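# Structural overview
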Amino acid sequence: LALAGTASADGRADWMGGRYGMAMHWLYCRYTGEADGVDGPTARFDLPAFLRQFDETGADWLLFTVGQNTGGYASPNATIERVCGPLHCSKRDLAGELAAAMHARGKRFIMYLPGDSLVPSIAKGMKWDADGLRRWQYQTNWCGVIREWGERFGTKLDGWWFDGMDRGH
């Protein structure tokens, strides 16, 4: 109740009040460094079928995992590809398509983003520091990732859910 009262007091999450949303964990096995690794599952994602199912729920918002501790992401991001190496991000912007579809329906979109510090290529590229002495490098790199998606999605991105940004190996 305290959380609901706080959100209502400052108004930032009022759009979530009184109704419900849906969370979807989009997963694929694990980053493999192969071209089909993340592109295959995103290319095969049946967006019209998913949207029909979403509409049937009556939900007002969707929380979607752009990635989930696999090292692969369902949306292009040049920052990840630059610092972690190629083939982490899909060519298809599935997260962007979902955000646009939610807004076309008058619904909201929240992007779930894990820190992926347990994925070796992400931990190395993002400069994960388990001791925390140089955690600023890791945080700075993730801020670049977040900024890129935030600027691309603009007002179609209604919120973020960050997870695992402080976890060690």
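Small disclaimer: the values here were computed from a predicted structure and weren't measured.

## Re the side chain of Thr79
Note on placement: Thr79 falls in helix H4 (residues 78-84). Given a relative accessible area of 9%, Thr79 falls into the buried group. At a separation of 2.8 Å, a polar atom in the side chain of Thr79 contacts the side chain of Glu148.

## A look at the packing of aromatic side chains
Scanning the entire structure with this criterion turns up nine aromatic pairs. Geometrically, the ring pair formed by Phe109 and Phe153 is stacked, given 6.4 Å between the ring centres and 20° between the ring planes. Note that Phe109 is positioned in strand E3 (residues 108-114) and Phe153 in helix H7 (residues 135-153), a separation of 44 residues in sequence. Here Tyr138 and Trp142 contribute two aromatic rings whose centre-to-centre distance is 6.4 Å and whose plane-to-plane angle is 75°, an arrangement assigned as edge-to-face. Taken together, the residues Tyr138 and Trp142, both in helix H7 and four residues apart, mark about one turn of the helix.

## Examining the packing of helix H3 (residues 47-57) against helix H5 (residues 94-104)
Where H3 meets H5, the closest approach of the two axes is 12 Å, and the angle between their N-to-C directions is 40°. When the axis of H3 is compared with that of H5, the two are oblique. You can see that H3 and H5 cross each other, and the crossing is right-handed. When H3 is examined against H5, the residues Leu47, Phe50, Leu51 and Phe54 are found in contact with a partner set consisting of Glu97, Leu98, Ala101 and Met102. Taken together, the residues of the contact of H3 with H5 sort by class into seven nonpolar, no polar and one charged.

## Focus: the pattern of salt bridges
One pass over the full model with this rule turns up seven salt bridges. A salt bridge links Arg92 to Glu97; its shortest N-O distance comes to 2.8 Å. Classification of Glu97 by relative accessible area gives partly exposed; the value is 30%. The closest approach of N and O atoms between Asp158 and Arg108, which form a salt bridge, is 3.3 Å. Within this pair, whereas Asp158 is found in the loop between H7 and strand E4 (159-163), its partner Arg108 is found in strand E3, the two being separated by 50 residues in sequence. Residues joined by salt bridges that share partners form a network here, namely Asp93, Glu148 and Arg152.

## Points about H5
Side chains that are three or four residues apart share a direction in an α-helix, a result of its 3.6 residues per turn. Three or more residues of H5 are buried, namely Leu94, Ala95, Gly96, Leu98, Ala99, Ala101 and Met102. Immediately beyond the C-terminal end of H5, within one or two residues, lies Gly106, with a positive phi of roughly 75°.

## Some thoughts on the confidence of the model for the protein
For the protein, mean pLDDT is 85; residues scoring 70 or higher make up 84% of the total. Low confidence marks residues 1-7, where pLDDT is under 50. Its contacts with residues over four positions away, or in another chain, come to three contacts.

## Brief notes about the pairing of E3
The buried fraction of E3 amounts to six of the seven residues, a majority that puts the element mostly inside the structure. One ladder, built from five bridges, connects strand E2 (residues 61-65) with E3; its direction is parallel. Paired with Phe64 across the two strands is Met111, which belongs to E3. Note that E3 and E4 share five bridges and pair parallel. When the sheet's bridge partners are listed, Leu113 is paired in E4 with Phe162.

## Some thoughts on H7
End to end, H7 covers 27 Å across 19 residues, agreeing with the expected 27 Å (1.5 Å per residue, within 8%). Residues of H7 that are buried include every one of Arg135, Tyr138, Asn141, Trp142, Gly144, Val145, Trp149 and Phe153, and no others. Elements in contact with the buried residues of H7: H4, H5, E3, helix H6 (120-126) and E4. Positive backbone phi, at 55°, marks Gly154, one or two positions downstream of H7.

About the criteria used
Residues numbered from 1 in each chain as written. Predicted model: local features only at pLDDT ≥ 70, side-chain atom pairs only at ≥ 80, totals over all residues. Heavy atoms only, no water. Helix = DSSP H or I, 4+ residues; strand = E, 2+ residues; numbered from the N terminus. Buried < 20%, exposed > 50% of the residue type's maximum accessible area, 1.4 Å probe, protein only. Polar contact = N/O pair within 3.5 Å; in protein donor to acceptor, adjacent residues only side chain to side chain. Phe/Tyr/Trp six-rings, centres within 6.5 Å; stacked < 30°, edge-to-face > 60°. Axes fitted to C-alpha atoms, helices over the stretch in contact; angles between N-to-C directions. Parallel < 35°, antiparallel > 145°, perpendicular 65-115°, else oblique. Left-handed = near helix turned anticlockwise from the far one by under 90°. Contact = heavy atoms within 4.5 Å. Nonpolar A, V, L, I, M, F, W, Y, C, P; charged D, E, K, R; others polar. Salt bridge = Lys/Arg side-chain N within 4 Å of Asp/Glu carboxyl O. pLDDT = per-residue confidence, 0-100. Pairing = 2+ DSSP bridges. Expected span 1.5 Å × (residues − 1).

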